[in-house]
Amino acid sequence: MNIHEHQAKAVLSEFGVAVPRGYAAYTVDEAAEAATKLGGPVFVVKSQIHAGGRGKGKFEGLGPDAKGGVRVVKSVEDVKTNAAEMLGRVLVTHQTGPKGKQVNRLYIEEGAAIAKEFYLSLLVDRETSRVSVVASTEGGMDIEDVAHSTPEKIHTFSIDPVTGVWPEHGRRLAKSLGLTGGLAKEASTLLGQLYTAFMAKDMAMLEINPLIVTADDHLRVLDAKVSFDSNALFRHPEIVALRDESEEDPKEIEASKYDLSYIALDGEIGCMVNGAGLAMATMDIIKLYGAEPANFLDVGGGATREKVTAAFKIIMADPNVKGILVNIFGGIARCDILAQGVVEAVKETGLAVPLVVRLEGTNAQQGKDIINNSGLNVIAANDLSDGAEKIVKAVRGAA
Ligand code: ADP
Ligand code: MG
């Protein structure tokens, strides 16, 4: 689960991390009020969307020369004008995709005098079962670009959760960023605070870009992006309360209500599969036959009829879907239950696109009988490859 920058900063400041003062604003009046409270002389009006690259982003309808999603201004009046221009408008950044994201809230923050910009992130390294720290003197840039063109400027080391942060880690961070004296000490303290926050809140990733050295020689977190491990959210109702559903795909929200592992994608073939591995393989083989999957969906082993019906409806609600491939290898899942769910969903919503069904494993024959006797126009497939080929053909034939 992701949260907004202003929320991430609030979480971090609970752990003592130094961040600039600021207030969230949903309206122009609130933005003006925030600016008045901050007092200036420099304000930053920051679009709050779940995507990075806001500073260099472009607003729809404002032309290529307009300012981006992070604007530095010098008066309350300018805060108002810029807030009015940004609120409700769609911001496109390299992380939002071409559709962009509508800006529904702003963060009005005090302006910092920047001497240097660094990059710092913490993330779970599954291979070593540790927390990796990534630091670079090239802050404010895309870290992927830095990694590509100047990999020597990226420093990484890891922290063993058994022993936690040691002074040596702090020194390593300071050295990576070329910091000495008071700033080196601040880097060490900051690392301890970030690591504590990371563990306490079950974060999956914490990215600070930029971490700055201020003109008066202090470290400040100027941007913060945090994502949490969804499997641990039950331990953090205070984090769940920060969820902004307007940032999420409505289909994924609906799927989460039924505890379905569903991820919306851009393709045309809807997939209903049991098992994450089989779902990945199904997506691969759809691509192999020249089409693109519209989603990832694992209905899981203990799928009930209700769950399958919901899943099928979510797939059909996607206007990009031109065909559906049901690929079930019944182990714990039972093919007859899956088949009933499919038939029920289709009866409720109708079937406007070709449907290919491949059923194998537990109660496969009962499942096939249910589908065959349902009167639905279903194309039967013998195996995974056959199913993918048939659905791609059916969709291409209809086009
Ligand atoms: P994004 O990464 O989405 O573009 P940032 O919060 O990193 O958004 O802002 C982009 C740039 O704007 C930063 O690299 C920094 O140069 C500048 N900036 C952001 N916040 C402030 C601030 N409070 N004071 C001064 N400059 C800022
Ligand atoms: Mg940033």
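Residues numbered from 1 in each chain as written. Chains lettered and ligands numbered in written order. Predicted model: local features only at pLDDT ≥ 70, side-chain atom pairs only at ≥ 80, totals over all residues. Heavy atoms only, no water.

Trainee: Before we go on, may I ask you to explain the sheet that holds strand E7 (residues 106–110) in this structure?
Mentor: Backbone hydrogen bonds hold the strands of a sheet together, and the pairing may be parallel or antiparallel. Read across the open sheet, the four strands follow the order E1-E7-E2-E4; overall the sheet is antiparallel. The outermost strands of the open sheet, each flanked by one partner alone, are strand E1 (22–25) and strand E4 (70–73). Taking each pair of neighbouring strands and ignoring which way they run, the sheet shows an average axis angle of 20°. Summarising the sheet, E1 and E7 pair through four bridges and their orientation is antiparallel. Paired with Tyr 23 across the strands is Ile 108, a residue of E7. (Pairing = 2+ DSSP bridges. Helix = DSSP H or I, 4+ residues; strand = E, 2+ residues; numbered from the N terminus. Axes fitted to C-alpha atoms, helices over the stretch in contact; angles between N-to-C directions.)

Trainee: Looking at this model, I keep getting lost on the domain arrangement of the protein. Mind explaining?
Mentor: How large an interface is tends to be reported as the accessible area lost when its parts come together. Per the domain assignment, the segments of the protein are domain 1 (21–110), domain 2 (114–239) and domain 3 (249–398). Put simply, the middle of domain 1 and the middle of domain 2, counted by C-alpha atoms, are 26 Å apart. Contacts between domain 1 and domain 2 engage seven residues on the former and five residues on the latter. Summed over both partners, the interface of domain 1 with domain 2 comes to about 380 Å²; 20% of that surface belongs to carbon and sulfur atoms. Put simply, domain 1 and domain 2 have one salt bridge between them. Linking domain 1 to domain 2 there are four residue pairs in polar contact (both at pLDDT 80 or more). (Domains from an automatic or database assignment. Contact = heavy atoms within 4.5 Å. Buried area = accessible area lost by both parts, 1.4 Å probe. Salt bridge = Lys/Arg side-chain N within 4 Å of Asp/Glu carboxyl O. Polar contact = N/O pair within 3.5 Å; in protein donor to acceptor, adjacent residues only side chain to side chain.)

Trainee: Looking at this structure, I do not really get the packing of helix H10 (residues 305–316) against helix H11 (residues 335–349). What am I missing?
Mentor: A pair of packed helices is captured by two measures, namely the crossing angle of their axes and the spacing between those axes. The contact between H10 and H11 brings their axes to 8 Å, and the two run at 50°. Viewed along their axes, H10 and H11 adopt a mutual orientation that is oblique. Considering how the two elements wind past one another, H10 and H11 form a crossing that is right-handed. In this structure, H10 uses Arg 305, Val 308, Thr 309, Phe 312, Lys 313 and Met 316 to contact H11, whose residues at the interface are Ile 337, Leu 338, Gln 340, Gly 341, Val 342, Glu 344, Ala 345, Val 346, Glu 348 and Thr 349. Within the contact of H10 with H11, the residues separate by chemical class into eight nonpolar, four polar and four charged. (Parallel < 35°, antiparallel > 145°, perpendicular 65-115°, else oblique. Left-handed = near helix turned anticlockwise from the far one by under 90°. Nonpolar A, V, L, I, M, F, W, Y, C, P; charged D, E, K, R; others polar.)

Trainee: Would you explain the packing of helix H5 (residues 167–176) against helix H6 (residues 181–200) in this entry?
Mentor: Closest axis-to-axis distance for the H5/H6 pair is 8 Å, and the angle between their directions is 125°. Here H5 is positioned oblique relative to H6, judged by the angle of their axes. As H5 packs across H6, the resulting crossing turns out to be right-handed. Of the residues in H6, those in contact with Pro 167, His 169, Gly 170, Leu 173 and Ala 174 of H5 are Ala 184, Ala 187, Ser 188 and Leu 191.

Trainee: I would appreciate a short explanation of H5 in the present structure.
Mentor: Because each turn of an α-helix spans 3.6 residues, side chains separated by three or four positions in sequence point in the same direction. Three or more residues of H5 are buried, namely His 169, Gly 170, Leu 173, Ala 174 and Ser 176. Projected down its long axis, H5 carries its buried residues within an arc of 165°, all on one side. H5 presents Pro 167, Arg 171 and Lys 175 as exposed residues on the side facing more than 90 degrees away from its buried surface. In this structure, the buried residues of H5 make contact with strand E8 (114–125), strand E9 (130–136), strand E10 (154–159) and H6. (Buried < 20%, exposed > 50% of the residue type's maximum accessible area, 1.4 Å probe, protein only. Arc of directions from axis to C-beta.)

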